[in-house]
Amino acid sequence: MVKVAVVKTSPEKVLEDYRRVMELAEYREFLPKKYETILKLNLSWSLYFPACSTQPWQLDGILKTLTEDGYKGIHPMENETVVTDVWKGAKLNKWLPIIQKYGLKYEPLTEVKWIPYKPKAEMLALDAIFPEGNWIPETFIGKNVVHFPTQKVHGHTVLTGAMKNAFGGLITKKRHHCHKHIHEVLVDLLALQKEIHPGIFAVADGTVAGDGAGPRTMIPRIKNYILASGDQVAIDAISAKMMGYDPMKIKFIKLAHDRGLGCGDVDQIEVVGEDISQVN
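The structure reproduced in this document is the subject of the present report. Just so you know, these numbers come straight off a predicted model, no measurement behind them. (Residues numbered from 1 in each chain as written. Predicted model: local features only at pLDDT ≥ 70, side-chain atom pairs only at ≥ 80, totals over all residues. Heavy atoms only, no water.)

Of note, Thr150 is situated in strand E7 (residues 150-154). Of note is the side chain of Thr150, whose polar atom sits 2.7 Å from the backbone oxygen of Ala51. Sequence-distant contacts of Thr150, defined by excluding residues within four places in its chain, comprise Ala51, Cys52, Ser53, Thr54, Gln55, Gln58, Thr160 and Asp205. (Helix = DSSP H or I, 4+ residues; strand = E, 2+ residues; numbered from the N terminus. Polar contact = N/O pair within 3.5 Å; in protein donor to acceptor, adjacent residues only side chain to side chain. Contact = heavy atoms within 4.5 Å.)

In structure tokens:
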């Protein structure tokens with residue numbers, strides 16, 4: 001059975017709880033040490049706003065675990081959008097001191113080489129949106145990826161999570177052209193990820209969840225949960241359930257489940273760590 005780990009945390013022990021949630025989700029099985037690892041951060045707004053972007057303690061806790069466990073070749077990366085600046089966002093969201101703390105270098109995707117890539121899997125939408133071909137960062141190929149979403153609502157996709165986090169990594173600044181077919185695009189991107197990454201893992205921060213008009217101007221809700229899984233569909237499904245949604249009624253989750261890219265049916269997902277039956 002597919003596994004999603006959920007841990008209730010607090011400010012006093014959040015860094016240790018990031019290790020706990022990753023170990024409960026058996027992260028080493030999904031991130032082979034022989035490969036380098038991309039940390040795909042999430043920058044939804046250059047300004048800091050609770051729940052909006054990757055939290056500094058989220059980055060700290062995951063990096064602490066990976067470095068203590070001997071992972072080498074770690075690459076913290078994020079892309080720009082039409083409303084964000086990669087360096088301003090990294091500074092104001094307090095990522096840079098944490099990255100430096102672990103002796104790493106921040107690598108904006110605006111500063112790496114992008115190459116054309118033709119997915120082997122059948123695409124639902126990307127081929128039509130980018131008939132000239134989709135371009136991806138060359139450095140992503142052959143490396144593990146860890147996604148850093150937060151638990152929050154989203155105006156285009158109901159909620160944003162692990163699957164949506166790839167949207168900022170595998171499509172250029174022109175990705176706003178995908179919004180009309182965003183659910184299909186997220187499924188295409190997961191299929192693409194399975195072709196280029198030897199390992200995929202996600203760790204979501206719900207310490208402060210985002211309610212209302214996501215993904216930026218939201219109402220912060222203190223929930224103090226963190227989640228982890230090697231199944232990108234399953235972690236989004238459990239996150240959706242915790243937020244009060246029926247996961248299989250969210251289009252991108254249902255599409256990905258039906259195409260065998262992960263599990264979106266909560267009855268087929270083992271939740272370890274916490275009882276989430278009363279979470280709302």
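There's plenty left to go through after this.
Although it is not a glycine, Glu26 adopts a positive phi angle of roughly 55 degrees. Overall, Glu26 belongs to the partly exposed group, its relative accessible area being 33%. (Buried < 20%, exposed > 50% of the residue type's maximum accessible area, 1.4 Å probe, protein only.)

The end-to-end C-alpha distance of helix H8 (residues 182-196) is 21 Å, a good match for the 21 Å that 15 residues give at a rise of 1.5 Å each. The element H8 is extensively covered by neighbouring structure, given that 13 of its 15 residues are classed as buried. (Expected span 1.5 Å × (residues − 1).)

All right, on to the packing of helix H1 (residues 14-24) against helix H2 (residues 56-68) then. The N-to-C vectors of H1 and H2 enclose an angle of 60 degrees; their axes lie 8 Å apart at closest approach. The pairing of H1 with H2 is recorded here as oblique in orientation. In the crossing of H1 with H2, the sense of the turn from one axis to the other is right-handed. Each of Val14, Leu15, Tyr18, Arg19 and Met22 in H1 lies in contact with H2, whose residues at this interface are Trp57, Gln58, Asp60, Gly61, Ile62, Lys64, Thr65, Leu66 and Glu68. Classifying every residue of the contact of H1 with H2 gives seven nonpolar, three polar and four charged. (Axes fitted to C-alpha atoms, helices over the stretch in contact; angles between N-to-C directions. Parallel < 35°, antiparallel > 145°, perpendicular 65-115°, else oblique. Left-handed = near helix turned anticlockwise from the far one by under 90°. Nonpolar A, V, L, I, M, F, W, Y, C, P; charged D, E, K, R; others polar.)

Looking now at the environment of Lys105. By the secondary structure assignment, Lys105 is in the loop between helix H4 (95-101) and strand E4 (114-117). In the structure, Lys105 is positioned 31 residues away from Ile74 in sequence and 8.8 Å away in space, judged by C-alpha atoms. The residues contacting Lys105, other than those within four sequence positions of it, are Pro76 and Ile99.

Taken as a whole, helix H10 (residues 251-258) has its buried residues at Phe252, Ile253, Ala256 and His257. Buried residues along H10 cover an arc of 130 degrees about the axis, so they all sit on one side. The inward-facing, buried residues of H10 abut strand E8 (158-160), helix H6 (162-165), H8 and helix H9 (232-242). In the segment just after H10, Gly260 is the residue with positive phi, at about 75 degrees. (Arc of directions from axis to C-beta.)

Take the environment of Ser229 next. Along the chain, the position of Ser229 falls in strand E10 (residues 217-229). The class for Ser229 is buried, based on a relative accessible area of 0%. When the C-alpha atoms of Ser229 and Lys152 are compared, they prove to be 17 Å apart, with 77 residues separating the residues in sequence. Ignoring anything within four residues of it in the chain, the contact list for Ser229 reads Lys3, Val4, Ala25, Phe201, Ala202 and Ile235. Among the polar contacts made by the side chain of Ser229, one reaches the main-chain carbonyl oxygen of Lys3 at a distance of 2.8 Å.

When the charged atoms of two side chains lie near each other, side chains of opposite charge can form a pair. Applying the stated criterion across every chain, the model contains 15 salt bridges. Of the charged contacts in the structure, one is a salt bridge between Glu274 and Arg20, with a shortest N-O distance of 3.9 Å. Of this pair, Glu274 sits in the segment after strand E11 (269-272) while Arg20 is found in helix H1, placing the two residues 254 residues apart along the sequence. According to the relative accessible area criterion, Glu274 is partly exposed, its value standing at 24%. The class of Arg20 is partly exposed, set by a relative accessible area of 36%. Between Arg28 and Asp69 there is a salt bridge, with the nearest N and O atoms lying 3.0 Å from each other. Remark: Asp69 occurs in the loop between H2 and strand E3 (74-77) and Arg28 occurs in the loop between H1 and strand E2 (37-40); sequence separation between them is 41 residues. Through salt bridges that share partners, Arg19, Glu23, Arg28, Lys64, Glu68 and Asp69 make up one connected network. (Salt bridge = Lys/Arg side-chain N within 4 Å of Asp/Glu carboxyl O.)

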